[in-house]
Amino acid sequence: MSTAVLLVVAVMAVSTTIYFARHRDSLGRARFLRQVGFAVTAVFGGFFGLLLAGETISDPGGLESVGLIAAWAIPLTVLLLLTWRRQIWAGRVLFFLVCLYVAINLWFRADSSSWRALENNVGPVRAIYLFVLGTALAAYGLRRTLPAGLMLLVAGIAPTALAYQSRPGFSSLALAGAAPLITGALYLTSAAITNTIHTSAHKGTQQP
C-alpha cells in the first residue's frame, strides 16, 4: 500500500509538472488540479471498495456479506447523490460527519482496546468510514473546492494526529488517510489559484 501511495504521488507530480509547463492559463491549472485530486480519490476509493467487497464476499459470504456491503455502499450512494443535487445540505452533512470522525478517533485514543476488539469482530470500521467520507468529500469538492479541501485535510490528518498508536493496525489506517490528504492539498491549491484570479480581476475593475 505504501508503494502504491508513492507511485500515485510520483505520477501526480510528473503529470502536474508537464501540464503546468505546457499551459499558462491559471483557470486551466486550477481545474486540472481539481480533476487530479478527484482522480486520486477515485483510484484509491475504487481499489479499496473492490478489495473490501471481495474480502466480504469470501468471508463471511452469503447473505451476510450482502448486508455488510450494503452497510457502506448505501450511505456512500446517498452522500454522492446529496453532493450532486443539494450542495448546501451536503456541506452541512459532510461537516457533521467529519466532526464525528474526529470524535471517533479521539474515542479510539482514549479506549483503543475496546475499539480494537470491535474491529477484530466487525471489521475496519474507521477505515471504511474514512473511505466513504473521503469519496463523498472528493465529489463535493468538484463544485465546492475550498470547503471540501479543508474537510479532506482534517479527515486525512485525524487517523495520524489523533489516533496515533505504536501498536499494529495504526499504519494501515494512516495510509488510508493518504488519499484524503493528497486530494485535500490539491483542492486547496486549486481554490487558492482561483481565489487569486478573482481577487486580481476585482482589483482591476476597481481601478479608474
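Since this is a predicted model, take the numbers as computed values, not measurements. (Residues numbered from 1 in each chain as written. Predicted model: local features only at pLDDT ≥ 70, side-chain atom pairs only at ≥ 80, totals over all residues. Heavy atoms only, no water.)

Enquirer: Would you mind showing me how to read the environment of F108 here?
Expert: Mapped onto the elements, F108 comes out in helix 4 (residues 87-110). Once the C-alpha coordinates of F108 and P159 are considered, the two residues, 51 residues apart in sequence, prove to be 9.7 Å apart. (Helix = DSSP H or I, 4+ residues; strand = E, 2+ residues; numbered from the N terminus.)

Enquirer: Help me out: how do you make sense of the packing of helix 3 (residues 62-85) against helix 6 (residues 125-140) in this one?
Expert: Geometrically, a packed helix pair is captured by the angle between its two axes and the distance between the axes. Where helix 3 meets helix 6, the closest approach of the two axes is 9 Å, and the angle between their N-to-C directions is 15°. Classified by the angle between their axes, helix 3 and helix 6 sit roughly parallel to one another. Two packed elements cross with a definite hand, and for helix 3 against helix 6 that hand is right-handed. Mapping the contact onto sequence places W72, L76, L79, L80 and T83 in helix 3 and I128, F131, V132, T135, A136, A139 and Y140 in helix 6. Per-class residue counts for the contact of helix 3 with helix 6 are 10 nonpolar, two polar and no charged. (Axes fitted to C-alpha atoms, helices over the stretch in contact; angles between N-to-C directions. Parallel < 35°, antiparallel > 145°, perpendicular 65-115°, else oblique. Left-handed = near helix turned anticlockwise from the far one by under 90°. Contact = heavy atoms within 4.5 Å. Nonpolar A, V, L, I, M, F, W, Y, C, P; charged D, E, K, R; others polar.)

Enquirer: Can you walk me through the side chain of S65 in this structure?
Expert: Counting through the fold element by element, S65 comes out in helix 3. Using a relative accessible area of 4% as the deciding quantity, one classes S65 as buried. Non-local contacts of S65, meaning those with residues more than four positions away in its chain, are made with T56, I57 and P60. (Buried < 20%, exposed > 50% of the residue type's maximum accessible area, 1.4 Å probe, protein only.)

Enquirer: Quick question: what am I supposed to make of the confidence of the model for the chain here?
Expert: Reading fine detail from the predicted coordinates is not recommended where pLDDT is low. For the chain, mean pLDDT is 82; residues scoring 70 or higher make up 85% of the total. Within the chain, no element has a lower average pLDDT than helix 8 (residues 170-176), which sits at 61, and none a higher one than helix 6, at 92. (pLDDT = per-residue confidence, 0-100.)

Enquirer: Would you explain the packing of aromatic side chains in this entry?
Expert: In this description, a pair of aromatic rings is defined by centroid distance and the angle of the planes. Counting across every chain of the model gives five aromatic pairs. Linked through ring pairs, F48, W72 and F131 together constitute an aromatic cluster. Across the ring face of F108, the terminal group of R126 is positioned such that the distance to the ring centre comes to 3.7 Å. We note R143 situated over the ring of W84; from NZ or CZ to the ring centre the distance is 4.0 Å. (Phe/Tyr/Trp six-rings, centres within 6.5 Å; stacked < 30°, edge-to-face > 60°. Lys NZ or Arg CZ within 6 Å of the ring centre and 35° of its normal.)

Enquirer: What should I look at first to understand the packing of helix 3 against helix 4 in this one?
Expert: Running from N to C, helix 3 and helix 4 cross one another at 135°; their axes reach a closest spacing of 6 Å. Relative to helix 4, the element helix 3 is oriented oblique. Helix 3 and helix 4 meet at a crossing whose hand is left-handed. Listed contacts from helix 4 to L79, L82, T83, W84 and R85 of helix 3 are Q87, W89, A90, V93, L94 and L97. Residue classes in the contact of helix 3 with helix 4 are distributed as eight nonpolar, two polar and one charged.

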